[in-house]
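# What the coordinates show
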Amino acid sequence: MGAGFFPVTLGWLLVALGLIVLLLAFRNTVQVLTPPPFALRAIVAVPCAILVFSLVVDRFGLVPATFALTLVAVLAEKPFKLRRTLMLAASLSLISWLIFIVGLNMTLAAFIF
Amino acid sequence: MDLLSSFQSHLAIGWHEAFTLSNLWYCFVGVFLGCLVGVLPGLGSLIAISLLLPITFHLPTSGALIMLAGVYFGADYGGGTCSILLGVPGHPGCAVVVLDGYPMTKQGRGGVALFMKCVASFWGSAVGIIMLMLFAPWLTEFAIRFGAVEYCSLMLLGLMAASTVGQGSPIKGVAMMVVGLILGTVGTDINGGIMRFDFGVPELSDGLGLISIAMGLFAVAEVIKSAGSTRVTSVTQKFGLKDQLPTRSDWKRSIGPMLRGSGLGAFFGALPGTSGGTASFLAYAIEKRISKHPEQFGKGAIEGIASPEACNNAGVGTAFIPTLTLGIPGDAIMALMLAALVIQGIQPGPEVMTGHPELFWGLIVSFWIGNIFLVVLNIPLIGMWIRLLQIPYPLLFPGIILFTCIGVYSTQNNIFDIWTLLIFGLVGYGMMLLRLEPVPLLLGFILGEPFEENFRRALLLSRGDFSVFITHPISAAALALATGVLAWSLLAYVRKRSK
């Protein structure tokens, strides 16, 4: 038994389970499920905020990354308020600096020049 | 007599460990942060623990576990506060408390509901912890003789129970569990050192990051779902100490349900897969059936708070029994606890108690301390949590995303982990849309590696003979139970759908 045994067995098992789910879905056409909330703004904005953070944090530091993340994330909700967003970003920077850099001594720079 | 003296010596060990200034502090911080995250709508104990898990990397072993246990208790508790005051369950586990808690708030008796919840949960926790103290040493002696075959079958039982006892379709649950197991195989093969599914990416040679997956599936997916939808956030009531004191009849009506609920929770909590949440629905149903005035249930009956809450918390305590003695987690939260152990360099299993008694008993004593902190934090300081509940979500969710990002990044100082977080956040949201349960996936991912290891070791020792799993009595019993759980849940699901 080699390294491939376990993944291959699981793969076939998943194929079988997938087929069962598929067949059951064909049979129950009557059941109508209410669609879950689908907010396109949030689906785009939240992942983009994470992506922006990942691109900024090791080039410019934690504080710029926090500002970038906050500015993109707030786009998930409709009324964009610049003053409130900037204040939020500033306080989040302060909190995360206090917790992670001062408190926990993590190797993370607040600013990289 | 012998039992009593061993009880005392164990407590002394634990007392010594838990009553250091730093461990008391970690316990307090854990409970406080747990309450803080738990009280926010939509964020439950699972998210709270995965958010705070990276922080515990930087702490000593016992401090880390004490803090995480505090987070668990705190978040579970905070979720109930949110349910009672806003009528929105903080997380699925406290959905029952909404049924009678929110009506009580609307009648102006929210304070009484919160107080009784506090008493019931303290009582439930006490029962759970006592059960843990009684049964854990006994089960450890039993488990020390287990071999690879037994572990393998017990893990399968845990996986099967956790993936079928959920809310939705048991087939989808098992499928998600299998996906989790497959994700767990990414990286270097433990037996041969061969790379699997790494696609030439060096970051994948250690496998996918547990924290990234957990936070993506739960926290990020939840934020994507909640941002942009409407929310209730208004609490107008006053909560002085006077408004919280239950009347004599409230007490009288709550004692019986509390006793029954805690017994039920203690039993179900110890079983794999059935968390306190499932059992608390049962506790509620039982109270309603045996009550002399069932028509009051759902309209603010105090029994509907006392029983499920005691049940839920008793289950939290006993869920630690299989987790700490066998190293087999009953649900995803317990699995994260085990992950914390592994990260601290301690192999989960019966050796935890025999090899690190100060850690084990220190943790248990800290459960008591944590529950006392919980009472102190929640009865006089309830006003603070209410104010927290009213923070508008637009101010809150960027912070949640930020903390998940920093937490994930801090585990290895690697950007790759943030990308994993991002991908699993999208996967988790997609799973919500498709009604696939994320909990079995996470549990499968965590147990994937130890399961494969034990499976292959068992077959190696038996020279490829699969019959060892049936000829070993404990293994055979576990497999029979696993089959039974699957069959029963399939039957229940089919019956529910054909209605």
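The preceding data block contains the structure.
Now for a quick tour of the structure. (Residues numbered from 1 in each chain as written. Chains lettered and ligands numbered in written order. Predicted model: local features only at pLDDT ≥ 70, side-chain atom pairs only at ≥ 80, totals over all residues. Heavy atoms only, no water.)

## Remarks on the overall build of chain B
- Of regular secondary structure, chain B possesses 22 helices and two strands.
- Rg of the C-alpha trace for chain B: 22 Å, near the compact-globule value of 23 Å for 499 residues, within the 12% margin.
- Once the C-alpha set of chain B is aligned to its principal axes, its extents read approximately 70 × 60 × 60 Å.
- Counting over 499 residues, chain B shows a buried share of 60%.
- At a minimum sequence separation of 6, the contacts of chain B that also span at least 24 residues come to 79%.
- When the accessible area of chain B is evaluated, it comes to approximately 19,500 Å², of which 67% is carbon and sulfur surface.
- The average position of the 27 basic charges and that of the 26 acidic charges among the side chains of chain B differ by 17 Å. (Helix = DSSP H or I, 4+ residues; strand = E, 2+ residues; numbered from the N terminus. Rg over C-alpha atoms; globule rule 2.2 N^0.38 Å. Buried < 20%, exposed > 50% of the residue type's maximum accessible area, 1.4 Å probe, protein only. Contact = heavy atoms within 4.5 Å. Areas by Shrake-Rupley, 256 points an atom, 1.4 Å probe, with all protein chains shown as cover. Lys, Arg positive; Asp, Glu negative; His and termini not counted. Charge placed at Lys NZ, Arg CZ, Asp CG, Glu CD.)

## A closer look at the pattern of salt bridges
Residues and elements named next belong to chain B.
- Tallied over the full model, the rule gives eight salt bridges over all chains.
- Arg456 is the partner of Asp189 in a salt bridge, and the nearest nitrogen-oxygen pair spans 3.1 Å. Residue Asp189 is located in the loop between strand S1 (187-188) and strand S2 (195-196), and its partner Arg456 is located in helix H20 (residues 438-461); the two are separated by 267 residues in the primary sequence. Taken as a pair, Asp189 and Arg456 share a single burial class, namely buried.
- Here Glu453 ties to Arg457 by a salt bridge, and the two come within 3.0 Å at their closest N and O atoms. With Glu453 and Arg457 both in helix H20, this residue pair falls four residues apart, about one helical turn.
- Residue classification places Glu453 among the partly exposed positions, given a relative accessible area of 30%. (Salt bridge = Lys/Arg side-chain N within 4 Å of Asp/Glu carboxyl O.)

## A closer look at empty space enclosed by the protein
- Counted according to the given criterion, the structure contains five cavities of 30 Å³ or more.
- When its volume is computed, the largest cavity comes out at roughly 70 Å³.
- Forming the walls of the largest cavity are A:Val74, A:Glu77, A:Pro79, A:Phe80, A:Lys81, A:Arg84, A:Thr85, A:Leu88, B:Pro394 and B:Phe397.
- Those elements that place two or more of their residues in the lining of the largest cavity are helix H4 (82-103) of chain A together with helix H18 (393-412) of chain B. (1 Å grid on protein atoms, 1.4 Å probe; cavity = no way out; pocket = protein on both sides within 12 Å on 5 of 7 lines; lining within 4 Å. Points joined across faces, edges and corners; volume = space filled by probe spheres on them.)

## Remarks on the side chain of B:Ser83
Residues and elements named next belong to chain B.
- For Ser83, the location among the structural elements is in helix H4 (residues 61-86).
- For Ser83, a relative accessible area of 0% puts it in the buried group.
- At 2.8 Å, the side chain of Ser83 and the backbone oxygen of Gly79 are in polar contact. (Polar contact = N/O pair within 3.5 Å; in protein donor to acceptor, adjacent residues only side chain to side chain.)

## Notes on the interface of chain A and chain B
- Counting residues at the interface gives 51 residues for chain A, matched by 55 residues for chain B.
- Taking both sides of the interface into account, the surface hidden between chain A and chain B amounts to around 4,700 Å²; carbon and sulfur atoms contribute 81%.
- Of all residues in chain A, A:Phe6, A:Ile50 and A:Glu77 bury the most surface against chain B, accounting for 14% of the area lost on that side.
- There are zero salt bridges connecting chain A and chain B.
- Where chain A meets chain B, there are one residue pair in polar contact (both at pLDDT 80 or more).
- Elements with a contribution of two residues or more to the side of chain A that touches chain B: helix H1 (5-27), helix H2 (40-60), helix H3 (62-73) and H4 of chain A.
- The greatest single-element share of the side of chain A that touches chain B, amounting to eleven residues, is contributed by H1(A). (Buried area = accessible area lost by both parts, 1.4 Å probe.)

## Examining helix H5 (residues 95-106) of chain B
- For H5(B), which comprises twelve residues, the first-to-last C-alpha distance of 17 Å matches the rise-based estimate of 16 Å (1.5 Å per residue) to within 8%.
- A positive backbone phi angle near 85 degrees is found at B:Gly108, which sits one or two residues after H5(B). (Expected span 1.5 Å × (residues − 1).)

## Examining the environment of A:Phe53
- Inspection of the secondary structure assignment puts A:Phe53 in helix H2.
- Residue classification places A:Phe53 among the buried residues on the basis of a relative accessible area of 0%.
- Once you skip the residues sitting within four places of it in the chain, A:Phe53 turns out to touch A:Leu62, A:Ala65, A:Thr66, A:Leu69, B:Leu402, B:Cys405, B:Ile406 and B:Ile418.

## Some details on the nonpolar core
- Counting residues in each nonpolar core, the largest one holds 183 residues, and the members touching the most others are A:Phe53 and B:Ile401.
- With 15 residues, the single largest contributor to this core is H4(B). (Core = buried A, V, L, I, M, F, W, Y, C linked by side-chain atoms within 4.5 Å.)

## Comments concerning the state of the cysteines
- Evaluation of the coordinates by the stated rule reveals zero disulfides over all chains.
- Of all cysteine sulfurs in the structure, the one in B:Cys35 sits closest to B:Cys118, which takes part in no disulfide; the separation is 9.6 Å. (Disulfide = S-S within 2.5 Å.)

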